[in-house]
Amino acid sequence: MSELTEEEAVEAIKSMGIIQDEEQIREALRRCDNNPQEAFHLLIPESPHDSSLLGNYSVLSSQSSCERTDSYDADVDMRDTETHPGSGGGDSDRDSTTVSYSLDEDNLRDVEEEAEGGGYKGERDEVELQEYPPRPEVPPPRYEDIVDENQELLPPSSPSPSPPGRLNGDRDDKQVTPTPSDHVGSSPGPKQPQGSIEFPLTHFYELESRVHTEQWSIPYKRDESLAICMVATVKMIREGPGVAEADEHCKKFMTKTMPDSFQKLVTHEAVFRWDVSIMEGILDMCRILMELIAERLKQKPIPLHSLHLLNMVLNSDANYHTKMRNKRTDPARWQRVLGEGKIFAVMPHFHTHKDPKGWLVEIMNVFAQHGGVQAIKDIILNTEELSLKELTALFQPFSACEDYINPPFMKAELSKCILRAMRFVHDLSEEQLKEKEVGCVSDLLKSLKSLLVRCSLWDMVGTVDTLRLETTIRMLNIAHFNAKMNALKEVVRLTDEPYQAATRGVKSPIPADKITDWLVTNKVLSIALGGNLHQSQYCDKLKSIVEFLGTKLSLDELSTIWEMQVDKNPVQVENVHGILAAAACKFTAQHLDHLFQLIQQSWESASDRYREKLLDLIGKIGKDDRQGKTATKILELLWNLAHLPHLSREMVELALEAHSSILVESFHTKEAEKRIYISKCVEDIRKGQWVASAFRHLHRLAKGFFRTGYGHKDQHQVAELQRQYDLLRLTCSSLFKCHSKAAADCKQKDEPLTGATIVEDKYTHEECVDIHLKFMAFLLQDGALYMPTKRAHEIWDALIANPNSCDADRRLAFKWFDHGMGDMEHDTQVYMFNSRVLKVEPAKLDLAGYHCLRNFFETINLVERKLKRITASYHSLIVENPDLTGIDYLWRAALEVTDTKIADELINNILQVSYQGLSSKLKKDVSALHQRFMDEVFHRLDGLMEPSTGSSKTGSGSRKAVPMGVKLQAIERLLLLAERYITVVEENHHFQRYMPPHGASFLGHPITLTISPDQPKPEFKLECHSNESILSVRQKIGKRLNASADQVQMGISDRWLDSSDNNKLINQMDFAEQHIIVRTHSVTTSYKASESGAGTAQRQSLAQEMERTLPGVIMAGRKEVFDKLEELCELGDPRIITAVRNLLMLIPTDPRVADALEVFSHQAAGGASEDPQSPPSPQVVLKEHLDTSSSSPTQLLYNLEVLSSCLIPTQQDRDETDTHLFRRTFLEAGGLKSVINVLQRNALPSDVDLTIRQDCYAIALTLARFLLCNQAMLMPAPQLPFRQHSSVSQASQGVAE
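Because the structure is predicted, anything quoted here is derived from the model rather than measured.

**Re the overall build of the protein chain**
- Each helix and strand counted, the protein chain has 58 helices and 14 strands in total.
- Out of the 1297 residues in the protein chain, the part that is buried amounts to 52%.
- Working note: accessible area of the protein chain is about 60,700 Å², and carbon and sulfur atoms make up 49% of it.

Below is the structure:
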């Protein structure tokens, strides 16, 4: 196809019958190099619904973004995501910044609507039948292509160019073809006149949804929502003043959405991850923004939000300009556009070593091109009523880009504006200086100064500095907090700028010496001290001023500052003290002497509360000393204050705390000076004065001094300190002296020594002892020292063995020895254990003493290899040798200690080393172990029951008189030990008992249990008795639920019972009258199968053999045991009787009583025999065992229980025939009368224990009812006969009741 001329191409396009406007066609041909096909596609975008018009046009996605086919109609989204490594510039790498592409469907849809309503709808079918070649790739038009000669913005697809100063043609009634951006968001219909402009709501809503979110996405193409909204805003602004603000959506766009968009595009950190093509798009958006702001500045009111946005975009330090700092622009082009000598922005010369930032220059010149600079100039010069805030906002954009403003242009165009601003600041009234926005004065003057420095107008620079100082003084003299606060802020800026000019971006700051002279000459500090000292922010500013003045501060001003806090409220006092403490580091010696003189004058007449403030001030001055000039004087002052007589303890501690903080925390305090005060502390201790405070201070100093990097301890320094002063000996000696002095003072006052006794008029006796012991522990631990044996003896003798020591002394000493066990060598440990620990009277043992005893006991036996640690747990030990060192004292302490909790712990320790903690090799002969333990128990019982003088044999073999109360307590503890031993051992015996304990042989009092099955069956009641086993309860429940006992699982309280609990009794489980949760489960039959035939016999034989080794069975086999227990009951002590009864319930029944009652199973009544070898007759048995005159109450109760087990057996292995024979023989022998006699009024002695009496009556009534009515139902007993898990505390509680 040969090339067509322009006229031929115009006629070819007009012949298609769609576009008839020649000017529009010629513009399209010009842009498409006279190609009619491309021009046609440019004029008529294809419908997305008609595939015949799309040709080879493809929709780009984020997955195919590198195959770009149309850069003009693509919607490019820029997201805040990190650039992948290897991404570069250009369109081919857009997917590396997560750029997604999609057709701008809104624009295409608007074109279709225009086509339907624009008069060529009827011709569409004909157009659709035509075939067109594939649409070529058309690059997006340049910015210059959419701007006319007068640089007014035109949409890419607008009609013929508009005359100068107009957008979209003249304002008349002429109908023009709308563009997509003209009617975005409007409904299809008749075309609107050019003068009626609507804001594109669809694009605005889309832009809002993409901007105001965490995962924001800002469109940056000219045919996308941001640019479309900005173009529409420009049109509405040009419609006239107030038109854009009248539209609420347009107003929201200008004040909220557009600033947020450019804030992300220009200042966000994600800018550094975007490629060049994106940055070019942002540049186009900035160009449009400059035109928008310039047009808006031509109208009133002054748009502060637009000026703030302009300041942000023109800021040369913005991230966008920082990234594109090496880009350049063509100065010649801007000379042609703006004219010679009227260029607003230029790139710096290379000799300035500043980045060119050509794109920033481009944006600034675009702003000037559209009249923005002239608009600002007109506002400043021609607006009479300008506010300070508005004037500051007008100058700030220029100062933000000052380095790139053309100096000649600035001198010519902005010099008058600067003079106008300076005159404005000079003429500010007092009322204006009180307003909140007066803080803008500093920003305004800073902007003016930077512009003047840029133009090298140094005379005017000095004038601005003078104006700044004068304005600050004016504000400071106004009696208004806001004015004074802003003035102080300005003073602080003035004092900081000489040292922070580079970081604050200040050019040519006022020299520091000039500011100092100004402060002194105008007495700025004295004026500022006139009030508002209760405000912490206000005082912070004063603090900076005082620090800046330093040595220039006069003594009169220092006195004035001090007077500001005298007799003032605490807040004002603290604020003034904070000012002085911060400034003291820069004071001269003369200043410090004067300040200390003021402090001492105030100290004499001050209250304790004010003295605390003064001490705090002195401490702050010392700690804030950066050069070490004031530390020495402060330390001496604090030391002297702490030693003042009649000073309260709180004051002393505050002074010493400040003293130690300066010595420890100050880097300028020399080591020699630190040791001086250590020597002073030691000297005070040796003199015996100020001892507790000296030790406390010495401890703090030594602990803080000898620390290396990262908080590690310097052990060599502590050891050196010990060698130099022999501190261990000094501490022990001081402790003994202090204790003796306190005891002597109390004796003189006829008062007992206690931990609360006051010593040295400041500390309690307990605190004084604790201070000594803590310091000694510090020396041993931090100095890696071992405690000498002699010093350990001295401490023990002073605090524990001393007859004048109190409970607090012993408690602290026991704790110290317990925790310091590792600080003693083994020989010292053994010597202290044998000669001191084992000599302590058990009655003086408290909880700390018990822990100390246990620690010594375990440590010594571990070293001697009699104990062995098996786990990481501190007390998980096994016994390798039963002959433990100190075991006798452990028994003695368990019997004689008064604290029941400690006694329980000691009993647990004895049980642990006697059986539970034995090694496997020591448990091979368990019968011998049990026999040995029982021998020990009854041997000690024999020693306690010797009738001579109530003496008892101690663990060392010596005899010592024992008071009756201690004797009864020891007997009770021994019985409790035996009971607990049997319980601990036998609870692991899970086989059936063929020799059950006595408590399980007879019928107890009735108990009703509530059973709650997990099956869908109702809750039911189960009648039991207190001596019934758990296995029996399982069997009863299984019978009700049609399940075997093995299938029944019982739950009480917070646990489930397993098979190991089957032998336990109800009263031992302690769940009487409680709910029992029951669930059933299936079991295998292998166990049942093994119980048949020979397997069952073998199992029973093994169970019987193991049962004979149980401690309860072994104890019951010794006939003297029951006699000994009966003898103990005769003592008449209720605690002893209860302990004996509990023990009897755990061992099998006395075989002598059981054998005697067996006579009723073999003879008929009255069948007496004269053979002495034959058993006694039933009448004789009744006389000996059931006659109240021949048996003690406790023995009678026991015999009645044995009789109950024969008449009403609870064990299932007893033959009913034998039971029937026993009952008949018993009745024939007159047994019923013997039972009834028990219920007689005078049958039991009047002084018998109430519990024994009630139990005798209850069981006698039960037997009588059974014999008379053949009914075994029991009467409820008043209490349980015994509890298996007895403790010392429970026994004592029972006595109290």
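**Remarks on the packing of aromatic side chains**
- Applying the stated rule across the entire model yields 25 aromatic pairs.
- A centroid spacing of 6.2 Å and a plane angle of 85° characterise the contact between Trp-216 and Trp-274, whose relative ring orientation is edge-to-face. Separated by 58 residues along the polypeptide, Trp-216 in the loop between helix H7 (201–211) and strand S3 (217–219) and Trp-274 in the loop between helix H10 (248–267) and helix H11 (276–297) bring together distant segments of the chain.
- Owing to a relative accessible area of 2%, Trp-274 belongs among the buried residues under this scheme.
- Through a chain of ring-to-ring contacts, the aromatic side chains of Phe-199, Phe-204, Tyr-205 and Phe-253 assemble into a single cluster.
- Here the guanidinium or amino end of Lys-923 rests over the ring plane of Tyr-915, the centre of that ring lying 4.5 Å away.
- Here Arg-1040 stacks its cationic end above the ring of Phe-1020, 4.3 Å away from the centre of that ring.

**Focus: the side chain of Glu-490**
- With respect to the element layout, Glu-490 can be found in helix H22 (residues 481–504).
- Overall, the relative accessible area of 5% leaves Glu-490 in the buried class.
- Residues in contact with Glu-490, not counting those within four places in the same chain, are Ser-442, Arg-468 and Thr-472.

**Looking at a positive patch on the surface**
- On the surface, a cluster of positive charge is contributed by Arg-686, Arg-729, Lys-737 and Lys-790.
- Within the fold, Lys-790 resides in helix H37 (residues 789–799).

**Topic: helix H26 (residues 555–563)**
- All of the buried residues along H26 are Glu-557, Leu-558, Ile-561 and Trp-562. Down the axis of H26, the sector holding all buried residues measures 145°, keeping them to one side.
- Next to the buried residues of H26 lie helix H24 (524–528), helix H25 (536–549), helix H27 (570–583), helix H28 (589–604) and helix H29 (608–623).

**Looking at the pairing of strand S14 (residues 1075–1080)**
- Pairing geometry for strand S10 (residues 1006–1013) and S14, over 4 bridges, is parallel. Bridge pairing in S14 links Thr-1010 to His-1075.

**Here's the deal with the environment of Ile-1208**
- Residue placement: Ile-1208 occurs in the loop between helix H54 (1193–1207) and helix H55 (1216–1228).
- Separated by 11 residues in the primary sequence, Ile-1208 and Thr-1219 place their C-alpha atoms 7.9 Å from one another.

**Notes on the sheet that holds S10**
- Spatially, S11-S10-S14-S12-S13 is the arrangement adopted by the 5 strands of the open sheet, whose pairing is mixed. Both edges of this open sheet fall to strand S11 (1020–1025) and strand S13 (1055–1056), since each of them pairs with a single strand only.

**So, the environment of Leu-647**
- Tracing the sequence through the fold places Leu-647 in the loop between helix H30 (631–642) and helix H31 (649–665).
- If near-sequence neighbours (up to four positions away) are discounted, Leu-647 is found in contact with Trp-603, Arg-611, Leu-641, Ala-642, Val-652 and Lys-762.

**Comments concerning the pattern of salt bridges**
- Per the stated rule, a full pass over the model turns up 54 salt bridges.
- Here Glu-880 makes a salt bridge to Lys-921, at a shortest N to O gap of 3.7 Å. Residue Glu-880 is located in the loop between strand S7 (877–879) and helix H41 (887–896), and its partner Lys-921 is located in the loop between helix H42 (900–916) and helix H43 (926–944); the two are separated by 41 residues in the primary sequence.
- Classification of Glu-880 by relative accessible area gives partly exposed; the value is 24%.
- What emerges from the salt-bridge pattern is a single network uniting Arg-222, Asp-284, Arg-287, Arg-333 and Glu-362.

**Comments concerning the packing of H10 against H11**
- In the contact formed by H10 and H11, the axes pass within 12 Å of each other and the chain directions differ by 145°. The handedness of the crossing between H10 and H11 is left-handed. On H11, the residues that touch Met-258, Phe-262 and Leu-265 of H10 are Ile-282, Met-285, Cys-286, Leu-289 and Leu-292.
- Class assignment of the residues belonging to the contact of H10 with H11 gives a composition of 8 nonpolar, no polar and no charged.

**Brief notes about the confidence of the model for the protein chain**
- Of all residues in the protein chain, 79% have pLDDT values of 70 or greater, and the mean over the chain is 79.
- Taken together, the stretch residues 1289–1297 has pLDDT below 50 and engages in 8 contacts with residues farther than four places along the chain or on a different chain.

**What to know about the pairing of strand S12 (residues 1048–1052)**
- Within S12, 5 of the 5 residues are buried, which leaves it mostly tucked inside the rest of the structure.
- Where burial is concerned, the two faces of S12 agree: the one with Val-1048, Met-1050 and Ile-1052 and the one with Gln-1049 and Gly-1051 are both buried.
- Sheet analysis places S12 next to S14, joined by 4 bridges and oriented antiparallel. Its bridge partner being in S14, Gly-1051 is matched across the sheet by Ile-1077.

**A few points about unusual backbone geometry**
- The omega torsion of the bond from Lys-300 to Pro-301 falls at 0°, within 30 degrees of zero and hence cis.
- You can see Pro-301 is positioned in the loop between H11 and helix H12 (304–313).
- Although it is not a glycine, His-646 adopts a positive phi angle of roughly 65°.
- With respect to the element layout, His-646 can be found in the loop between H30 and H31.
- For Trp-690, which is not glycine, the phi torsion reads 55° and is therefore positive.
- Mapped onto the fold, Trp-690 is located in the loop between helix H32 (671–687) and helix H33 (691–705).

**Some remarks on H41**
- Within H41, 8 of the 10 residues are buried, which leaves it mostly tucked inside the rest of the structure.
- Listed in full, the buried residues belonging to H41 are Ile-887, Tyr-889, Leu-890, Trp-891, Arg-892, Ala-893, Ala-894 and Leu-895.

**Examining the packing of H37 against helix H39 (residues 826–835)**
- H39 packs onto H37 with a crossing angle of 30° between their chain directions and a minimal axis gap of 10 Å. For the element pair H37 / H39, the angle class is roughly parallel. For H37 against H39, the interelement crossing comes out right-handed. In contact with Thr-789, Ala-792, His-793 and Trp-796 of H37, H39 contributes Thr-828, Tyr-831, Met-832 and Ser-835.
- For the contact of H37 with H39, the class distribution of residues is 4 nonpolar, 4 polar and no charged.

**Describing the environment of His-1081**
- Position of His-1081 relative to the elements: it lies in the loop between S14 and helix H47 (1086–1090).
- Residue His-1081 is classed as partly exposed on the basis of its relative accessible area, which comes to 34%.
- Spatially, the C-alpha atom of His-1081 lies 5.1 Å from that of Gln-1047, the residues being 34 residues apart in sequence.
- Residues in contact with His-1081, not counting those within four places in the same chain, are Asp-1046, Gln-1047 and Gln-1049.

The rules behind the values
Residue positions are counted from 1 within each chain, in the order its sequence is given. In keeping with the model being predicted, local features are shown solely for residues with a pLDDT of at least 70 and side-chain atom pairs are shown and tallied solely at 80 or more, while totals for entire chains, interfaces and linings include all residues. Hydrogens and waters are ignored; side-chain quantities use all the structure's heavy atoms. To qualify as a helix, a DSSP run of H or I must reach at least 4 residues; to qualify as a strand, a run of E must reach at least 2; elements of each kind are numbered from the N terminus. When a residue's accessible area, from a 1.4 Å probe over protein chains only, is under 20% of the maximum for its type it is buried; when over 50% it is exposed; and in between it is partly exposed. The protein chains shown are the only cover counted for residues, whose accessible areas, like all others here, come from Shrake-Rupley with a 1.4 Å probe. Think of it this way: a Phe, Tyr or Trp ring, Trp meaning its six-membered ring, pairs with another when their centres are within 6.5 Å, and the plane angle makes it stacked under 30 degrees, edge-to-face over 60, tilted otherwise. By the criterion adopted, a ring carries a charge over it if an Arg CZ or a Lys NZ lies within 6 Å of its centre and within 35 degrees of its normal. Contacts are assigned to residue pairs that have any heavy atoms within 4.5 Å of one another. Note on patches: the residues involved have over 30% relative accessible area and no salt bridge, like charges join within 9 Å, and the nonpolar side chains Val, Leu, Ile, Met, Phe, Trp and Tyr join within 5 Å. Any carboxyl oxygen of Asp or Glu that lies within 4 Å of a side-chain nitrogen of Lys or Arg is treated as forming a salt bridge with it. None of His or the chain ends enter the tally, which takes Lys and Arg as positive and Asp and Glu as negative. By convention, the charge on Lys lies at NZ, on Arg at CZ, on Asp at CG and on Glu at CD. Comment: arc refers to directions from the helix axis out to C-beta atoms. When DSSP locates at least two bridges between a pair of strands, those strands are taken to pair. Axes, fitted as lines to C-alpha atoms, cover a helix only where it is in contact. Angles between the N-to-C directions of the axes lie from 0 to 180 degrees. Put simply, a crossing is left-handed when the front helix is turned counterclockwise from the back one by less than a right angle, and right-handed when it is turned clockwise. Any residue that is not Ala, Val, Leu, Ile, Met, Phe, Trp, Tyr, Cys, Pro, Asp, Glu, Lys or Arg is counted as polar, Gly included; the first ten are nonpolar and the last four charged. Per-residue confidence from the predictor is given as pLDDT, running between 0 and 100. Should an angle fall under 35 degrees it is taken as roughly parallel, and over 145 as roughly antiparallel, whereas 65 to 115 is taken as roughly perpendicular and any remaining angle as oblique.

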